[in-house]
Amino acid sequence: MDTYLALVAAILGLVIGSFLNVVIYRLPRHESLSRPGSHCPGCGQPVRWYDNVPIASWVALRGRCRDCGERIAWRYPLVEALTGACFLAAFLVYGLGWHTLQLAAFLAALVAVAFIDLDHRIIPDRIVLPGAVIGLVTSIALHPSRWWVYAVAGVGAAAFLLAIGLIWSGGMGFGDVKLALMMGFVLGSSVVVAMFLGFLAGGIGGIVLIALGVKKRKDKIPFGPFLAAGAAVASLWGPSIIDWYLRFV
Ligand SMILES: [Zn+2]
């Protein structure tokens, strides 16, 4: 039964990931998310339903449009696989329940935010602001006696990034501040782990990108994807990481 449910979680993640590809492409361009249906950017032909199956279709078509042969970026199956893995991990760590549902929605929002920031250097209000409200409301519903932990975590994380942005110009954007608000409202005390991992990954990632010559020292590197990755890890294993750390010190 658990194996069956795990499979359902993974497939649901793949399908949501396919929708996130649409969100990542269209939301920053202010296009409708529902109309028109998916079409090839090369020839404009609508994508047939059997060519729209997550990952499998991309593999079967060897990453090319059936009509014109235009390349379909490997990013599309990657986003689907990543979302599938996130949903599977959420189910394996927390089982079936309301918390897992909240977590899955949070992880989906993080995937969309990370890739939109990567492409456009913006963190869309249309995701993080409703995300923050829904995050706080659902956290209070799930943990009524500890509501203040989530409120303080969100406001604290946002204030921390705002302070860094003010002190160190060119670092943090206001989008990162709003992302941190959503993160704290969902993660509660685990937001500390998310911020630590985000800064660690951002620092290492920045050094690697500069060393590889992909980025110059003066280039701005979007911080959103690193924060989102830290938040994803913290949402799944935050309490275990805190326990491990406290035992370590
Ligand atoms: Zn085409």
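Because the structure is predicted, anything quoted here is derived from the model rather than measured.

Chemist: I'm lost on the side chain of glutamate 80 in this one. Help?
Modeler: Assignment of secondary structure puts glutamate 80 in helix α3 (residues 75–94). Here glutamate 80 occupies a buried position and makes no salt bridge, while the nearest side chain of opposite charge, arginine 75, is found at 11 Å. Residues in contact with glutamate 80, not counting those within four places in the same chain, are Gly13, Leu14, Gly17, Ser18, Asn21, Pro54 and Ile55.

Chemist: What's the story with the packing of aromatic side chains in this structure? I'm lost.
Modeler: For any pair of aromatic rings, the description consists of the separation of the ring centres together with the inter-plane angle of the planes. Per the counting criterion, the structure on display carries four aromatic pairs. Both rings, one in tryptophan 49 and one in tyrosine 50, keep their centres 5.4 Å apart while their planes meet at 85°; by these two values the pair is edge-to-face. Here tyrosine 50 falls in the partly exposed class, since its relative accessible area comes to 40%. Seen from their ring centres, phenylalanine 199 and phenylalanine 223 are 5.0 Å apart, and the 55° between their planes marks the pair as tilted. Separated by 24 residues along the polypeptide, phenylalanine 199 in helix α8 (residues 191–211) and phenylalanine 223 in the loop between α8 and α9 (224–248) bring together distant segments of the chain. Residue classification places phenylalanine 199 among the partly exposed positions, given a relative accessible area of 30%. Three or more aromatic residues link up through ring pairs in this structure, and these residues are Phe160, Phe199 and Phe223. If you follow arginine 29 out to its NZ or CZ, it ends over the ring of tyrosine 25, 3.8 Å from the centre.

Chemist: Just to check I follow, could you spell out the nonpolar core for this structure?
Modeler: In a soluble, globular protein the nonpolar side chains are often hidden away together inside. Membership of the largest hydrophobic core comes to 52 residues, with the highest contact counts inside it found for Phe106, Leu110, Leu179 and Met183. For this core, the secondary structure elements donating two or more residues are α1 (2–26), α3, α4 (98–120), α5 (125–142), α6 (147–167), α7 (174–187), α8 and α9. At 13 residues, the largest contribution of residues to this core is made by α4. Two domains each provide a minimum of three residues to this core, namely domain 1 (1–96) and domain 2 (123–249). Among all residues touching phenylalanine 106, those that are not within four sequence positions of it are Met182, Met183, Val186, Leu187, Ala231 and Ser235.

Chemist: Could you clarify how one ought to interpret the coordination of the zinc ion in this entry?
Modeler: Octahedral six-donor coordination of a metal ideally yields angles of 90 or 180 degrees, compared with 109.5 degrees for tetrahedral four-donor coordination. Summarising the metal site, the zinc ion is bound by the protein donors Cys40 (SG), Cys43 (SG), Cys65 (SG) and Cys68 (SG), whose distances to it range over 2.3 Å. Classification of the site at the zinc ion rests on its four donor atoms, whose angles at the metal span 106 to 114°, yielding the label tetrahedral. Overall, the relative accessible area of 38% leaves cysteine 68 in the partly exposed class.

Chemist: Help me understand the packing of α6 against α7, please; the structure alone is not making it clear to me.
Modeler: The description of two helices packed together rests on the angle between their axes and the distance between the axes. Two elements in contact, α6 and α7, have axes separated by 7 Å at closest approach and are oriented at 160°. The pairing of α6 with α7 is recorded here as roughly antiparallel in orientation. Of the two possible hands of crossing, α6 and α7 adopt the one that is right-handed. Counted together, Tyr150, Ala151, Ala153, Gly154, Val155, Ala157, Ala158, Leu161 and Leu162 of α6 and Phe174, Asp176, Val177, Ala180, Leu181, Gly184, Phe185, Val186 and Leu187 of α7 form the full contact between these two elements.

Each value, and the rule that gives it
- Numbering of residues starts from 1 in every chain and runs along the sequence as written.
- For a predicted model such as this one, the threshold for reporting local features is a pLDDT of at least 70, and the threshold for listing and counting side-chain atom pairs is 80 or more; totals across whole chains, interfaces and linings nevertheless cover every residue.
- To obtain the side-chain values, all non-hydrogen atoms of the structure were included, while hydrogens and water were left out.
- Here a helix means four or more residues in a row that DSSP labels H or I, a strand means two or more in a row labelled E, and each is numbered from the N terminus.
- Classification of residues uses two cut-offs on accessible area relative to the type maximum, computed with a 1.4 Å probe and protein chains only: under 20% is buried, over 50% is exposed, and between them is partly exposed.
- Here Asp and Glu are counted as negative and Lys and Arg as positive; His is not counted, and neither are the chain ends.
- The salt bridge criterion pairs a side-chain nitrogen of Lys or Arg with a carboxyl oxygen of Asp or Glu, the two atoms within 4 Å.
- The contact criterion used throughout is that any non-hydrogen atoms of two residues lie within 4.5 Å.
- Note on aromatic pairs: the rings of Phe, Tyr and Trp (six-membered ring only in Trp) are paired at centre separations within 6.5 Å, and the planes decide the class, stacked below 30 degrees, edge-to-face beyond 60, tilted for the rest.
- We call a charge positioned over a ring when the NZ of a Lys or the CZ of an Arg lies within 6 Å of the ring centre and within 35 degrees of the ring normal.
- The set of buried Ala, Val, Leu, Ile, Met, Phe, Trp, Tyr and Cys residues whose side-chain atoms join them within 4.5 Å is what this entry labels a nonpolar core.
- As annotated, the domain borders come from an automatic or database domain assignment.
- Coordinating donors are taken as N, O and S atoms within 2.8 Å of the metal, stretched to 3.2 Å for Na, K and Ca; because water is absent from the atoms, sites can appear incomplete.
- Note on geometry labels: four donors, all angles 85 to 135 degrees, give tetrahedral; four donors become square planar and six octahedral when opposite donors are over 155 degrees apart and every other angle is between 65 and 115; remaining cases are irregular.
- Only the stretch in contact is used when fitting a helix axis, every axis being a line fitted to C-alpha atoms; angles between N-to-C directions are given from 0 to 180 degrees.
- Here the word oblique covers every angle except those under 35 degrees (roughly parallel), over 145 (roughly antiparallel) and from 65 to 115 (roughly perpendicular).
- Here is the rule for handedness: rotate from the far helix to the near one, and if that takes an anticlockwise turn smaller than a right angle the crossing is left-handed, while a clockwise turn gives right-handed.

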